[in-house]
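# Residue-level structural notes
These are the residues of each chain, in order.
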Amino acid sequence: MNVAVVTGGSAGIGKAICEDLLARGYEVIAMSRRSADIVHPKLHNIGVDLTDRGATAEAVKDMVARFEVTTVVHNAGVIRAALLPDVQLDDLDALVDLHLGTAIQLVQATLPAMKARRFGRVVLLSSRAALGLATRTSYSATKAGMLGMARTWALELAPEGITVNVVAPGPIRGTEMFHEVVPAESERERKLAAAIPVQRLGTADDVARAV
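Figured I'd write up the structure that's included with this text. Model, not experiment: these values are computed from the prediction.

Bringing the nonpolar core into the picture now. With 30 residues, the main nonpolar core has Met31, Met63 and Trp153 as its most contacted residues. Looking at this core element by element, the count peaks at 7 residues for helix H3 (residues 89-117). Leave out the neighbours within four places in its chain, and Met31 touches Val5, Val6, Thr7, Gly8, Gly9, Ile46, Val48, Leu50, Ala59, Val60, Met63 and Leu106. Membership of the second largest hydrophobic core comes to 22 residues, among which are Ala4, Ile17, Ala30 and Val207.

The structure is reproduced here in structure tokens:
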């Protein structure tokens, strides 16, 4: 049986990914501060603040003691928006820990099981903001960092039967992160949709299918 861990699985894109994997027969561990509101016998919640390196280490240790995880989907993310003069280095540190450090902790811990089976899947959720976006210094930097990290891991792990990929969504309607900065049904939301070739914003289900 394939077992997947999904960070930030309690809402939005993470929840949609959990639901999609469950529908495909996976055992799924949702790792986030809040429990995923999903009723399913194969869904397991591990509550943890992933910006806390020590707490994350303990949660990951507990997870691998209980499950043989061969699929890692690192979706959890926060923005900490600020124009350059207002960027706080504490925010940068927190996003490095969450977007990059947590991914390293998860994959390091699950590698033994993946190598033993000569099968593994790692998917990191980056963002179109990796290309640059006003007020996103810390977010863009760490989401761009995921790309280099994933390329490096893909080269290192391919001989072990482990693939590493990145999905980088643009604006995804209906998620807390998106609507924190773009109000629902606003003129800004309509302009964003009009600038997309298919004339609509993405949905969490779109991203889950890509994952």
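Once that is clear, we can look at the sheet that holds strand E3 (residues 43-47). Read across the open sheet, the 6 strands follow the order E3-E2-E1-E4-E5-E6; overall the sheet is parallel. With partners counted over all chains shown, the strands left at the sheet margins are E3 and strand E6 (162-167), one partner each. In this sheet, adjacent strand axes meet at a mean angle of 15° when their direction is disregarded. Strand direction decides the pairing type here: strand E1 (residues 3-7) and strand E4 (residues 71-74), joined by 3 bridges, are parallel. Counterpart to Val6 in the pairing with E4 is Val73. Each of E1, strand E2 (27-32), E3, E4 and strand E5 (120-125) touches helix H1 (residues 12-23); the most contacted strand, E1, lies at about 170° to it.

Inspection of every chain in the model, using the stated rule, returns 10 salt bridges. Notably, a salt bridge pairs Arg117 with Glu68, separated by 3.9 Å at the nearest N-O pair. Of this pair, Arg117 sits in helix H3 while Glu68 is found in the loop between helix H2 (53-66) and E4, placing the two residues 49 residues apart along the sequence. When its relative accessible area of 35% is taken as the criterion, Arg117 is described as partly exposed. Judged by its relative accessible area of 45%, Glu68 is partly exposed. Note that Arg173 is salt-bridged to Glu189, the shortest N-O span being 3.2 Å. Within this pair, whereas Arg173 is found in the loop between E6 and helix H5 (176-181), its partner Glu189 is found in helix H6 (residues 187-194), the two being separated by 16 residues in sequence. By relative accessible area, Arg173 is classed as partly exposed at 36%. Accessibility expressed as a relative area gives 5% for Glu189, which makes it buried. Among the ionic contacts, a cluster of salt bridges with common partners joins Arg200, Asp206 and Arg209.

It is worth spelling out empty space enclosed by the protein at this point. A water-sized probe, rolled over the atoms, reveals where empty space remains. This model, assessed by the stated rule, comprises 1 cavity of 30 Å³ or more. Taken as a whole, the largest cavity holds about 40 Å³ of empty space. Lining of the largest cavity is provided by Arg80, Ala81, Ala82, Val87, Gln88, Asp91, Thr135, Thr137 and Ser138. Broken down by class, the residue content of the lining of the largest cavity amounts to 3 nonpolar, 4 polar and 2 charged.

Between the first and last C-alpha of H1 there are 17 Å, a value that for 12 residues agrees with the 16 Å anticipated at 1.5 Å per step. The set of residues buried in H1 consists of Ile13, Gly14, Ala16, Ile17, Cys18, Leu21 and Leu22. Those residues of H1 hidden inside the fold are in contact with E1, E2, E3, E4, E5 and helix H7 (204-210). Positive phi appears at Gly25, one or two residues downstream of H1, with a value of about 95°.

The rules behind the values
- Every chain is numbered on its own, with residues counted from 1 as its sequence reads.
- Selection of residues for local features in this predicted model requires a pLDDT of at least 70, selection of side-chain atom pairs for listing and counting requires 80 or more, and totals for whole chains, interfaces and linings are taken over all residues.
- Working from all heavy atoms in the structure, the side-chain values ignore hydrogens and water.
- Side-chain atoms within 4.5 Å link the members of a nonpolar core, which is a set of buried Ala, Val, Leu, Ile, Met, Phe, Trp, Tyr and Cys residues.
- Burial classification: accessible surface area is computed with a 1.4 Å probe over protein chains only, and a residue below 20% of its type maximum counts as buried, one above 50% as exposed, and the rest as partly exposed.
- Secondary structure is summarised from DSSP: a helix means a run of H or I of at least four residues, a strand means a run of E of at least two, and numbering begins at the N terminus for each.
- In this analysis, two residues are considered to be in contact whenever any of their non-hydrogen atoms come within 4.5 Å of each other.
- DSSP-based pairing: two strands are paired if at least 2 bridges between them are found.
- An axis is simply a line fitted to the C-alpha atoms; with a helix, the fit covers only the stretch in contact. Between two such axes, the angle follows the N-to-C directions and lies from 0 to 180 degrees.
- Definition used for salt bridges: Asp or Glu carboxyl oxygen within 4 Å of a side-chain nitrogen of Lys or Arg.
- The way it works is a 1 Å grid over only the protein atoms, where trapped points that fit a 1.4 Å probe form a cavity and open points with protein on both sides within 12 Å along at least five of seven lines form a pocket, and then any residue with an atom within 4 Å of a point lines it.
- Grid points are joined across faces, edges and corners, and a volume is the space filled by probe spheres set on the points.
- Residue polarity is assigned by list, with Asp, Glu, Lys and Arg as charged and Ala, Val, Leu, Ile, Met, Phe, Trp, Tyr, Cys and Pro as nonpolar; anything else, Gly included, falls into the polar class.
- Multiplying one less than the number of residues by 1.5 Å gives the expected span of a helix.

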